[in-house]
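Spelled out, the chains give:
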Amino acid sequence: MEETREIRVKRLRMRAWHRGIKEMDLILGGWSDAHLAEADDATLDAFEAVLAEADQDLYSWVSGQADPPPSIAPMLARIAEDFRTARL
């Protein structure tokens, strides 16, 4: 049975808010709440790829301490920009 869009969005939100590192919960969970409902399938795929990465790596990439892999760099740039502008 194929997962419905509604279930997929709920699953991704749950994964975004329950990471293990509180900072990544706030960054990814906040972005998911603001954007997943309207996201197209390509954005959902990209966000899911981000969620597959380790929290320590994600935090260093989002905070600019290290360069992310090219495959997820565009999605991480969107997430990081949104987080920075929301906090200003």
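Residues numbered from 1 in each chain as written. Predicted model: local features only at pLDDT ≥ 70, side-chain atom pairs only at ≥ 80, totals over all residues. Heavy atoms only, no water.

Visitor: Explain the nonpolar core to me, please; I cannot follow it from the model alone.
Guide: Soluble, globular proteins show a tendency: their nonpolar side chains are buried together. L28, L36, F47, V50, L58, L76 and I79 are the most contacted members of the largest nonpolar core, which totals 21 residues. Sorting the residues of this core by element identifies α1 (5-17), α2 (22-35), α3 (41-51), α4 (55-62) and α5 (73-87) as the ones contributing at least two each. Ignoring sequence-local partners within four residues, the contact set of V50 consists of L28, L58, I72, M75, L76 and I79. (Core = buried A, V, L, I, M, F, W, Y, C linked by side-chain atoms within 4.5 Å. Buried < 20%, exposed > 50% of the residue type's maximum accessible area, 1.4 Å probe, protein only. Helix = DSSP H or I, 4+ residues; strand = E, 2+ residues; numbered from the N terminus. Contact = heavy atoms within 4.5 Å.)

Visitor: Mind showing me how you'd approach α2 here?
Guide: Every α-helical turn comprises 3.6 residues, leaving residues that sit three or four positions apart pointing alike. Here α2 contains 14 residues, and its C-alpha end-to-end distance of 20 Å stays within 8% of the 20 Å for a straight helix at 1.5 Å per residue. Of the residues making up α2, those classed as buried are M24, D25, I27, L28, G29, W31 and S32. (Expected span 1.5 Å × (residues − 1).)

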